Amino acid sequence: MIHCTVNVKELANKDGGESFRLDDGFFVQFDCEDVVGGSVDVDITAEKSHSAECDYIVDIRMKGVLRVPCTRCLDNMDYDTELEDTVKVVCADGGADSDDEDLLKAKADGIIDLSHRIFETLALNVPSVRVHEEGGCNPAVMKWLESHSAEIQ
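Residues numbered from 1 in each chain as written. Predicted model: local features only at pLDDT ≥ 70, side-chain atom pairs only at ≥ 80, totals over all residues. Heavy atoms only, no water.

1. As for the pattern of salt bridges
Pairing between side chains becomes possible if they bear opposite charge and their charged atoms approach one another. Going through the model one piece at a time under the given rule, you end up with six salt bridges. Here aspartate 24 and arginine 67 are joined by a salt bridge, their closest N and O atoms 2.8 Å apart. Placement of aspartate 24 in helix α2 (residues 24-28) and of arginine 67 in strand β4 (residues 56-69) is noted, with a sequence separation of 43 residues between them. A salt bridge links arginine 117 to aspartate 102, with the nearest nitrogen and oxygen atoms 2.8 Å apart. Residue arginine 117 is located in helix α3 (residues 115-124), and its partner aspartate 102 is located in the loop between β5 (76-91) and β6 (103-106); the two are separated by 15 residues in the primary sequence. Using a relative accessible area of 15% as the deciding quantity, one classes arginine 117 as buried. Look at the salt bridges and you will find they share partners, linking Asp85, Asp102 and Arg117 into a network. (Salt bridge = Lys/Arg side-chain N within 4 Å of Asp/Glu carboxyl O. Helix = DSSP H or I, 4+ residues; strand = E, 2+ residues; numbered from the N terminus. Buried < 20%, exposed > 50% of the residue type's maximum accessible area, 1.4 Å probe, protein only.)

2. Focus: α3
Burial analysis of α3 places seven of its ten residues in the buried class, which makes it a mostly covered element. Along α3, the residues classified as buried are Ser115, Arg117, Ile118, Phe119, Thr121, Leu122 and Ala123.

3. Observations concerning the nonpolar core
Counting residues in hydrophobic clusters, the biggest one holds 35 residues, and the most contacted among them are Phe27, Ile44, Val58, Val89 and Ile118. Every element with two or more residues in this core is listed here: α1 (8-12), α2, β3 (37-48), β4, β5 and α3. If you tally residues by element for this core, the top one is β4, at six residues. In this structure, valine 89 is in contact with Val8, Cys54, Asp55, Tyr56, Val58, Leu103, Leu104, Ala106 and Ile112, ignoring residues within four places of it in sequence. (Core = buried A, V, L, I, M, F, W, Y, C linked by side-chain atoms within 4.5 Å. Contact = heavy atoms within 4.5 Å.)

4. Regarding the sheet that holds β6
Ordered by their spatial adjacency, five strands build an open sheet running β2-β3-β4-β5-β6, and the pairing between neighbours is mixed. Each end of this open sheet is capped by a strand with a single partner; those strands are β2 (18-22) and β6. Between one strand and the next, the sheet's axes are offset by a mean angle of 30°, whatever the strand orientation. Direction of pairing for β2 relative to β3: antiparallel, over a ladder of five bridges. Considered in β3, the bridge of serine 19 is made with aspartate 43. (Pairing = 2+ DSSP bridges. Axes fitted to C-alpha atoms, helices over the stretch in contact; angles between N-to-C directions.)

Geometric values such as these leave the question of function open.
Listed below in structure tokens is the structure:
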């Protein structure tokens, strides 16, 4: 399993951030029929929070291409994506979970796995209807669809 694990305590004290590229192996592990692969660059930065609500603010920037099935012909197609996400992180072992979906819990040492958050952010931003550009759909499927369409008069 491919993980996107960072140490927010170290990251907050570091100039810049942490960067990595997600490839097909990352997306396959989630077994999602709407996102079957891709190549996405991820940049993560963290800063110490000045709020009592959380310890750190983590910014996640994602840019790349997702491989998704076309809703018309079902062949895979590329979908360009560029997203930003911000989460609040509390560092603690044990304790109650929060109902705030933007508040994540890291271990007391600052280590947190952001894999699910990153995947969900990418997957939820793919439109429900995605179609190849004109002429890009599988010709055999398009011919079959045309032969089974009702005639328009």
